[in-house]
Amino acid sequence: MGMTLTEKILAKHSGASSVEPGESVWVDVDVLMTHDVCGPPSISIFRDQFGEDARVWDKDKLVIIPDHYIFTNDKYANRNVDILRAFAADQDLPHFYDVGSESYKGVCHIALPEEGFTRPGEVLFGTDSHTCTAGAFGQFATGIGNTDAAFIMGTGQLWVKVPETMRFEFNGTSMPPYLMAKDIILKIIGDIGVDGATYRTMEFGGPGISCMSMEDRMTLTNMVIEAGGKNGVVEPDTKTEAYVRERTNKDFEAVYSDPDAEYHSTYQYNLEEMVPMVAKPHSPDNKATAIELEGTKLDRAYIGSCTGGKLSDFKAAAEIITGHDLKIDTYVVPATTEIARGLKTETLNGRPLIEIFKEAGCKIGNASCAACLGGPSDTFGRLNNQEVCISTTNRNYPGRMGSKDSAVYLASPYTVAASAVTGKITDPRVFIQETVI
Amino acid sequence: MSKQKITGKAFVLGRNIDTDQIIPAEHLVYSLDDPEERKFYGRYALSGVPDEQSGLPKGNIPLVEEDAFESDFNIIVGGPNFGCGSSREHAPASLDIAGVEAIIAPTFARIFYRNSVDGGFVIPYESLENLSQEVETGDKLEIDPERQTVTNTTQNKSYNIRPLGSVADIVNAGGIFEFARKEGMIDVKN
């Protein structure tokens, strides 16, 4: 019997020739990532369990990326960064991306690929549920808690239950010009539900995958957790290889699902038939097409986060926003400092993206998670009242972006930008057709 | 641990209770080590649940009364997909700090379930039926892990729960570190 990509990685890292869904195995960890929210308690448990003088199992494999509550006056939040700083110094960690330093990056899930930590065939754990983003690179990547992270810090290992794999096949050879990966994943989550992939892997493949950029693929795998998935994975190809090789010299060995691998289920989607999608409040699976919701009044638009704050997301938003005044407050937050630089260097019709956003009246934030998950009350873009927001972020449960009286619609950067221009939920095809023709 | 009966008062919630509702992100800044700060995780446990959905079927019942740090309710009964969302271990920890001992739900989100078990915070019991539509907040429950039943002594009804399966050893040990130490897998202090 063949194995899926995920099964192969777990077998290889547990020293077994094969593994089967349902069995528990102990795997060797290639990379452990933590950030400012879950890093301090993980460090505390590590010290408590292994001793005050204990050293991490492999300092080259521990990556610490503060990103959640960075630009706030909250003294407790700032203390968290101080704890990371002291730990990185004490353990002499080479991969600490300190706030206020040259190396500061921003959102961990985008920083990891940028810095070459998302390598095909490897095992990555992170103390954040969206760690599954790295599956876009053919890596086994999943989110864990503080106790599990502390266990890895001391041992380099963790137990994993081998998940069943659900396969999602994309047909078609190009993405329609109005379609983004966010539309595709919102459609899939809407189809299978927020617990439709619980304890399972979501594997994305088929001919349509090859036309998707690494950023598109990251949007798909980022949101598998919103369907309950343990990890998401895309088989590596030449695009994967090129992206990773550009960013690391480390060796890696890509693995691929066997043709006779056994799947829990298989789904087919035709890219050419897909349309802009929205998740209504208060759940990522509360799906509707953008057309169905046209005219829904909004107070705010938000473009940012690990799933919607990449350079390709801002290029898309700028295509629509350029030359328009915005009807509602619109927040733009690049995921990382590299993307923030890209906003200045990347141009549309000869104009830097950042100028397009500024001229339209957008409020531009520093690279970080910002208001994606609420945070302290002074967080940039946070919803503090009954605002209705359309957002490129990945989660819209009650109170996610701040006040539990607020309401969040999730959509692609195209749809969010189109809605920012009109002040109401708007299908972006109205604007895309203008641009294309 | 898993062999002992748990008795107490039920607090009932609906489906898809996510980790932001269990402990909103703005409260994740307190230190879990400092006994004074730690108490705030108890105070704000389940504070993100919309009021009308907090303490079903009536609603508008907080798990923890205003200005209190612990709850009178020690068993949560939830709908499907309990604990979805973020990987924050502060979520099961906050329920533990508030005095919750067990959660009964038909299904749990993977990371929350794992964090509950590996950190030794609360015991997640999977029920065969969706008891959130049967039990009322304030009902007295008795969980019997050996018989794999939960009895509602207020309504005089009994239901089945699933065995803990492969995680029972970790639950019984009190967490992943205690388990690993017992198994001789790691050489750690204590």
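Our structure's up above, just so we're on the same page.
Residues numbered from 1 in each chain as written. Chains lettered and ligands numbered in written order. Predicted model: local features only at pLDDT ≥ 70, side-chain atom pairs only at ≥ 80, totals over all residues. Heavy atoms only, no water.

Trainee: Is there a simple way to think about the nonpolar core in this case?
Mentor: Across soluble globular proteins, nonpolar side chains show a tendency to be buried alongside one another. In terms of nonpolar packing, the biggest core is built from 201 residues, with A:Phe125, A:Phe204, B:Phe82 and B:Leu95 touching the most fellow members. In contact with B:Leu95, not counting residues within four places along its chain, are B:Ile22, B:Ala45, B:Leu46, B:Leu63, B:Ile76, B:Phe82, B:Val100, B:Ile103, B:Phe112 and B:Val122. Of all hydrophobic cores here, the second largest spans 12 residues; its members include A:Tyr97, A:Cys108, A:Ala111 and A:Leu124. (Core = buried A, V, L, I, M, F, W, Y, C linked by side-chain atoms within 4.5 Å. Buried < 20%, exposed > 50% of the residue type's maximum accessible area, 1.4 Å probe, protein only. Contact = heavy atoms within 4.5 Å.)

Trainee: Quick question: what am I supposed to make of the sheet that holds strand β5 (residues 140-143) of chain A here?
Mentor: Through backbone hydrogen bonds, the strands of a sheet pair up, either in parallel or in antiparallel fashion. Residues and elements named next belong to chain A. Across the sheet, 4 strands lie side by side as β3-β2-β4-β5; this open sheet has parallel pairing. Of all the strands in the sheet, just β3 (62-64) and β5 have a single pairing partner and so form its edges. Averaged over all pairs of adjacent strands, the angle between strand axes in this sheet comes to 15 degrees, irrespective of strand direction. Alignment of strand β2 (residues 31-34) against strand β4 (residues 123-126), held across 3 bridges, turns out to be parallel. By the bridge assignment, Met 33 is partnered in β4 with Gly 126. (Pairing = 2+ DSSP bridges. Helix = DSSP H or I, 4+ residues; strand = E, 2+ residues; numbered from the N terminus. Axes fitted to C-alpha atoms, helices over the stretch in contact; angles between N-to-C directions.)

Trainee: When you look at the packing of aromatic side chains in this model, what are you seeing that I'm missing?
Mentor: Pairs of aromatic rings are described using the distance from one ring centre to the other and the angle between the two planes. Residue and element names in this part refer to chain A. Summed over all chains, the structure comprises 24 aromatic pairs over all chains. With centroids separated by 5.7 Å and ring planes inclined at 35 degrees, the aromatic side chains of Phe 168 and Phe 204 adopt a geometry described as tilted. Of the two residues, Phe 168 sits in strand β7 (residues 164-171) while Phe 204 sits in strand β8 (residues 200-205), which places them 36 residues apart along the sequence. Taking the relative accessible area as the measure of exposure, Phe 168 reaches 0% and is therefore buried. For Phe 204, a relative accessible area of 1% gives the class buried. (Phe/Tyr/Trp six-rings, centres within 6.5 Å; stacked < 30°, edge-to-face > 60°.)

Trainee: Can you walk me through helix α2 (residues 35-43) of chain B in this structure?
Mentor: Residue pairs spaced three or four apart in an α-helix point in one direction, given the helix's 3.6 residues per turn. Along α2(B), the positions that sit buried rather than exposed are B:Glu37, B:Tyr41 and B:Gly42. In this fold, the buried residues of α2(B) make contact with α3 (75-91) of chain A together with α3 (90-97) of chain B. Where α2(B) begins, one side-chain oxygen reaches toward the backbone nitrogen of B:Glu36, 2.8 Å away; that side chain belongs to B:Asp34. (Polar contact = N/O pair within 3.5 Å; in protein donor to acceptor, adjacent residues only side chain to side chain.)

Trainee: Explain the packing of helix α6 (residues 181-192) of chain A against helix α7 (residues 214-222) of chain A to me, please; I cannot follow it from the model alone.
Mentor: Residue and element names in this part refer to chain A. At a minimum axis distance of 8 Å, the contact between α6 and α7 shows a crossing angle of 25 degrees. By the criterion of interaxial angle, the relationship of α6 to α7 is roughly parallel. As α6 packs across α7, the resulting crossing turns out to be right-handed. Together, Ala 181, Lys 182, Ile 184 and Ile 185 of α6 and Asp 216, Thr 219 and Leu 220 of α7 make up the contact between the two elements. Residue composition of the contact of α6 with α7, grouped by class: 4 nonpolar, 1 polar and 2 charged. (Parallel < 35°, antiparallel > 145°, perpendicular 65-115°, else oblique. Left-handed = near helix turned anticlockwise from the far one by under 90°. Nonpolar A, V, L, I, M, F, W, Y, C, P; charged D, E, K, R; others polar.)

Trainee: Whenever I open this one, the pattern of salt bridges confuses me. Can you help?
Mentor: Residue and element names in this part refer to chain A. Within the structure shown, the criterion is met by 37 salt bridges over all chains. Between Arg 300 and Glu 387 there is a salt bridge; the shortest N-O distance is 3.8 Å. Remark: Glu 387 occurs in the loop between β17 (363-364) and β18 (388-391) and Arg 300 occurs in strand β13 (residues 300-304); sequence separation between them is 87 residues. Relative accessible area serves as the criterion here: at 9%, Arg 300 is assigned to the buried category. Given the relative accessible area of 14%, Glu 387 is considered buried. Here the salt bridges do not stand alone but share partners, grouping Lys 105, Glu 114, Glu 115, Arg 247 and Glu 338 into one network. (Salt bridge = Lys/Arg side-chain N within 4 Å of Asp/Glu carboxyl O.)

Trainee: Honestly, unusual backbone geometry in this entry has me stumped. Any pointers?
Mentor: A negative phi angle is the norm for most residues apart from glycine, just as the trans form is the norm for most peptide bonds. A cis amide bond links A:Pro281 to the next residue, A:His282, at an omega of 0 degrees. Assignment of secondary structure puts A:His282 in the loop between β11 (277-279) and β12 (287-289). Of the consecutive residues B:Leu56 and B:Pro57, the connecting peptide bond is found in the cis state with omega at 5 degrees. Positive phi is not limited to glycine here, since B:Asn16 has a value of about 55 degrees. Structurally, the position occupied by B:Asn16 is in the loop between β1 (6-12) and α1 (19-22). A positive phi angle, near 55 degrees, is found at B:Gln148, a position not held by glycine. Tracing the sequence through the fold places B:Gln148 in the loop between β5 (140-144) and β6 (149-152).

Trainee: Is there a simple way to think about α3(B) in this case?
Mentor: Residue and element names in this part refer to chain B. With 7 of 8 residues buried, α3 lies mostly within the body of the structure. For α3, every residue scored as buried is listed here: His 90, Ala 91, Pro 92, Ala 93, Ser 94, Leu 95 and Ile 97. Just downstream of α3 lies Gly 99, where phi reads positive at about 105 degrees.

Trainee: How should the side chain of A:His130 be read in this particular structure?
Mentor: As for its position among the elements, A:His130 is in the loop between β4 and β5. Not counting residues within four places of it along the chain, the set of residues in contact with A:His130 comprises A:His109, A:Asn222, A:Ile225, A:Glu226, A:Cys306, A:Asn394, A:Arg395 and A:Arg400.

Trainee: Any chance you could explain the layout of surface pockets here in plain terms?
Mentor: Vacant regions in the atomic arrangement are exposed by a probe of water-molecule size rolled over the atoms. For the largest pocket, the calculated volume is near 570 Å³. Lining the largest pocket are 34 residues, with A:Pro41, A:Ser44, A:Ile45, B:Leu32 and B:Asp33 positioned closest to its centre. Elements with a minimum of two residues in the lining of the largest pocket: α2 (39-50), α3 and α5 (146-155) of chain A together with α2, α3 and α6 (176-182) of chain B. When residues in the lining of the largest pocket are grouped by element, the largest group, 8 residues, is from α2(A). A breakdown of the residues in the lining of the largest pocket according to their chemical character gives 15 nonpolar, 10 polar and 9 charged. Volume-wise, the second largest pocket comes out at about 420 Å³. If you trace the second largest pocket, you find 25 residues lining it, with A:Lys404, B:Leu46, B:Ser47, B:Gly48 and B:Asp51 closest to the centre. Broken down by class, the residue content of the lining of the second largest pocket amounts to 10 nonpolar, 7 polar and 8 charged. (1 Å grid on protein atoms, 1.4 Å probe; cavity = no way out; pocket = protein on both sides within 12 Å on 5 of 7 lines; lining within 4 Å. Points joined across faces, edges and corners; volume = space filled by probe spheres on them.)

Trainee: Where do I start with the interface of chain B and chain A in this structure?
Mentor: Taken together, the contact between chain B and chain A spans 49 residues of the former and 50 residues of the latter. Around 3900 Å² of area is buried between chain B and chain A when both sides are counted, 55% of it from carbon and sulfur atoms. Linking chain B with chain A are 5 salt bridges. A salt bridge links A:Arg79 to B:Glu37, with the nearest nitrogen and oxygen atoms 2.6 Å apart. Summed over the shared surface of chain B and chain A, the number is 23 residue pairs in polar contact (both at pLDDT 80 or more). Counting residues per element, the ones that place at least two in the side of chain B that touches chain A are α1, α4 (110-118) and α6 of chain B. Tallying contributions element by element places α4(B) first for the side of chain B that touches chain A, with 6 residues. For the side of chain B that touches chain A, the class distribution of residues is 21 nonpolar, 15 polar and 13 charged. (Buried area = accessible area lost by both parts, 1.4 Å probe.)

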